[in-house]
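What follows is the residue order along each chain.
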Amino acid sequence: MTDLLIRDLAQAATPGGNAGPLRGPALRDVRVVEDAFVLCRDGVIAAVGPMRELPADVGTPEEIDGRGLAAIPGLVDCHTHACFAGDRVNEFSLRAGGASYEELHAAGGGILSTVRSTRAAGEDELTAITLRHRSWLRAHGTTTFEAKSGYGLDHDTELAQLRAIRAAGGIPTWLGAHTVPPEFEDADTYLDFLLAEVLPEAAGLAEAADVFLERGSFDAGQARRYLEACRDAGLALRLHGDQFTESGAIGLAIELGARSVDHLEATGPAGVEQLGASAVTGVLLPASALFLARPMPPARALADAGALVAVATDFNPGSAFCDSMPLVLSLACTQLKLAPEEALVAATANAAHVLGRADRIGRLRPGFAADVVLLDASDWRHVAYHLGGDVVHTVVESGAVTFRRTA
Ligand code: NIG
Ligand code: FE
């Protein structure tokens, strides 16, 4: 593998710390090196520092001229539903006319409409679609993405989704408990089926399990049953919780030692305090709140309470047709009131922690994967400042250029 030297960068910015997530005052711990280089060797970062400290014996690596650019770690999108067929643009129009997301769901549209199109697609098509979505994410600086199943809700399609996500380079999460498909009369009967017929194989394909704990999908008792079985099968745990109603997701996540509870738009002060004192990461999805015109999650209060927080797109066809982590960073600063430093940590080191990879990705640090985003700006904060802008100049994954903006 060729070595890569990114030289003469205006800045290189990275979360501080060694390998874990950052919280409390350390959530702002971003280290900035001016006039910097990043040296990549065998797919990992060999050294980062000021140009004056560039080792004399670097050999003859391939070089990138970083003048006028700022480097940050590759962005980590730790919550997406990137494996789906079809779209929901008709529902988008209906919502613009006043229909609500929950009404469309209750009428058999919403998630179930994407289930119909995803079931109709074959596994090869799902892989091709997920690869296409990966290229969209990458063009916005995402170098690691998680993606959930949850649009099959039957044995074959759930497993096909997990394999497609893996084949497309994503980190698969089993969201069998997304909602109850029409073939089942209630959530309990559907869970009987999921745990007996799908979990044994899903456990070998996914890294984590996720559940939509919300009225109209699964209640806390049902979520507990699903998550306990998934934990016993060796999966890490995640929850979609407090999106529309506070329904016990935070307490359950803490009790079961889940990695994260995601959404939190409806979380009140008690939940903030509870999460702040826990080891569970709150994953904030401001693009979803924006897309559905819902209240933003109490991110500032969570950060001030010392909670572990991460941010992600929630990329999906219904509640967040958004593939841009830089847009999420903009929303994190303008709507969630996080400092740019906090937003960057939440989108890199802390998001990596949610995926169990904080020792390998999310920092510009020797020994970490050489996943680097070069921003078309000399100050790294433009990643959040440039609202909806074309801020990503070049993307490097494992030491190789995978995206370069044209013109
Ligand atoms: O995270 N809330 C549940 N699930 C997804 C949306 C899925 C969909 O609408 O297709 C979410 O918002
Ligand atoms: Fe989601």
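This text goes with the structure placed above it.
Computed from a predicted structure; not experimentally measured.

*Asks:* Mind showing me how you'd approach the nonpolar core here?
*Replies:* Note on soluble globular proteins: their nonpolar side chains tend to be buried together. Ile72, Trp174, Leu194, Tyr226, Leu239, Val261 and Trp380 are the most contacted members of the largest nonpolar core, which has 98 residues in total. The biggest single contributor to this core is helix α6 (residues 187-205), with ten residues. Grouped together as the second largest cluster of nonpolar side chains are 16 residues, Ile6, Leu9, Leu374 and Val396 included.

*Asks:* When you look at helix α12 (residues 325-334) in this model, what are you seeing that I'm missing?
*Replies:* What sets the pattern is the α-helix's 3.6 residues per turn: residues three or four places apart point alike. Among the ten residues that make up α12, eight are buried, leaving the element largely enclosed by the rest of the structure. Buried within α12 are the following residues: Met325, Pro326, Val328, Leu329, Ser330, Leu331, Ala332 and Cys333. Two or three places before Leu327, at the start of α12, stands the capping residue Ser324, its side-chain oxygen 3.0 Å from that residue's backbone nitrogen.

*Asks:* Whenever I open this one, the pairing of strand β2 (residues 30-41) confuses me. Can you help?
*Replies:* Taken residue by residue, a regular strand's side chains alternate between the two faces of the sheet. Pairing geometry for strand β1 (residues 4-15) and β2, over nine bridges, is antiparallel. Considered in β2, the bridge of Pro15 is made with Val30. Pairing of β2 with strand β3 (residues 44-50), which is carried by six bridges, proceeds in the antiparallel orientation. If you follow Ala36 over to β3, its bridge partner there is Pro50. Between β2 and β3, which pair antiparallel and follow one another directly, the connecting turn spans two residues, one of which, Asp42, has a positive phi of 55 degrees.

*Asks:* Help me understand the coordination of the iron ion (ligand 2), please; the structure alone is not making it clear to me.
*Replies:* Surrounding the iron ion (ligand 2) are the protein donor atoms His79 (NE2), His81 (NE2), His240 (NE2) and Asp314 (OD), at 2.1 to 2.2 Å. On the basis of relative accessibility, which here comes to 0%, the residue His79 falls in the buried class. For His81, a relative accessible area of 3% puts it in the buried group.

*Asks:* Explanation requested: the site of ligand 1 in the structure shown.
*Replies:* Neighbouring ligand 1 are 15 residues, the closest being Arg88, Tyr101, Tyr151, Gln243 and Ser319. Here a nitrogen atom of ligand 1 sits 2.9 Å away from a polar atom, N or O, in the side chain of His178. Contact with the protein chains covers 100% of the free accessible surface of ligand 1, which is 320 Å². Partitioning the shell around ligand 1 into residue classes produces four nonpolar, nine polar and two charged.

*Asks:* What exactly am I supposed to notice about the pattern of salt bridges here?
*Replies:* Where charged atoms of side chains with opposite charge meet at close range, the side chains can pair. Throughout the structure, instances matching the rule amount to 27 salt bridges. Between Glu397 and Arg134 there is a salt bridge whose closest N-O contact spans 3.6 Å. Highlighted residues: Glu397 in strand β15 (residues 392-397) and Arg134 in helix α4 (residues 123-139), separated in sequence by 263 residues. Exposure remark for Glu397: the relative accessible area of 10% places this residue in the buried category. With a relative accessible area of 22%, Arg134 lands in the partly exposed category. The closest approach of N and O atoms between Asp359 and Arg360, which form a salt bridge, is 3.2 Å. Judged by relative accessible area, which is 45%, Asp359 ranks as partly exposed. Here Arg360 falls in the partly exposed class, since its relative accessible area comes to 42%.

*Asks:* What am I meant to see in the sheet that holds strand β9 (residues 208-211) here?
*Replies:* One key point about sheets: their strands pair by backbone hydrogen bonds, in either a parallel or an antiparallel sense. Strand order in the open sheet formed by eight strands is β6-β7-β8-β9-β10-β11-β12-β13, and the pairing between neighbours is parallel. On the outer flanks of this sheet lie β6 (75-77) and β13 (308-311), each paired with one strand and no other. Neighbour-to-neighbour, the strand axes of the sheet open up by a mean angle of 25 degrees, direction not taken into account. With respect to the sheet, helix α7 (residues 220-232) is in contact with β8 (171-177), β9 and β10 (236-241), its orientation differing from that of β9 by roughly 175 degrees.

*Asks:* Whenever I open this one, the side chain of Arg238 confuses me. Can you help?
*Replies:* Following the sequence through the fold, Arg238 ends up in strand β10. Exposure remark for Arg238: the relative accessible area of 1% places this residue in the buried category. Within the local environment of Arg238, its side chain forms a polar contact with the side chain of Asp262, the two groups lying 2.7 Å apart.

*Asks:* Help me understand α6, please; the structure alone is not making it clear to me.
*Replies:* In a regular helix each residue adds 1.5 Å, so 19 residues correspond to 27 Å; α6 covers only 24 Å between its end C-alpha atoms and thus falls short of that length. At Val198, α6 shows its largest bend, some 60 degrees, and a proline, Pro200, comes one to four positions later. By the burial criterion, the buried members of α6 are Ala187, Tyr190, Leu191, Phe193, Leu194, Leu195, Val198, Leu199, Ala202 and Leu205. Where the residues of α6 are buried, they touch α5 (155-167), β8 and α7. At the N-terminal boundary of α6, the capping side chain belongs to Asp186, with an oxygen 3.3 Å from the backbone nitrogen of Asp188.

*Asks:* I keep staring at unusual backbone geometry and nothing clicks. Help me out?
*Replies:* Apart from glycine, the bulk of residues carry a negative phi angle, and the bulk of peptide bonds sit in the trans form. Even without a glycine there, the phi angle at His263 is positive, about 105 degrees. Residue placement: His263 occurs in strand β11 (residues 260-263). At Ser398, a residue that is not glycine, the phi angle is positive and equals roughly 50 degrees. Looking at the element boundaries, Ser398 is found in the loop between β15 and β16 (400-404).

*Asks:* Explain the packing of aromatic side chains here, please?
*Replies:* Two aromatic rings, taken as a pair, are described by how far apart their centres are and by the angle between their planes. Per the stated rule, a full pass over the model turns up twelve aromatic pairs. Considering the side-chain rings of Phe184 and Phe193, the 5.2 Å spacing of their centres and the 35 degrees angle between planes classify their relative orientation as tilted. The class of Phe193 is buried, set by a relative accessible area of 18%. A connected cluster of aromatic rings, assembled from ring pairs, spans Phe84, Trp136, Tyr151, Phe315 and Phe321.

*Asks:* So what exactly am I meant to see when it comes to the state of the cysteines here?
*Replies:* Joining two cysteines, a disulfide is a covalent bond between their sulfur atoms. Counted according to the given criterion, the structure contains zero disulfides. Looking at the unpaired Cys78, the closest cysteine sulfur is the one in Cys322, lying at 14 Å.

What counts as what
Residues numbered from 1 in each chain as written. Chains lettered and ligands numbered in written order. Predicted model: local features only at pLDDT ≥ 70, side-chain atom pairs only at ≥ 80, totals over all residues. Heavy atoms only, no water. Core = buried A, V, L, I, M, F, W, Y, C linked by side-chain atoms within 4.5 Å. Buried < 20%, exposed > 50% of the residue type's maximum accessible area, 1.4 Å probe, protein only. Helix = DSSP H or I, 4+ residues; strand = E, 2+ residues; numbered from the N terminus. Polar contact = N/O pair within 3.5 Å; in protein donor to acceptor, adjacent residues only side chain to side chain. Pairing = 2+ DSSP bridges. Donors = N, O, S within 2.8 Å, 3.2 Å for Na, K, Ca; no water. Near = heavy atom within 4 Å. Areas by Shrake-Rupley, 256 points an atom, 1.4 Å probe, with all protein chains shown as cover. Nonpolar A, V, L, I, M, F, W, Y, C, P; charged D, E, K, R; others polar. Salt bridge = Lys/Arg side-chain N within 4 Å of Asp/Glu carboxyl O. Axes fitted to C-alpha atoms, helices over the stretch in contact; angles between N-to-C directions. Contact = heavy atoms within 4.5 Å. Expected span 1.5 Å × (residues − 1). Bend = angle between axes of the 7 residues up to and from the residue. Phe/Tyr/Trp six-rings, centres within 6.5 Å; stacked < 30°, edge-to-face > 60°. Disulfide = S-S within 2.5 Å.

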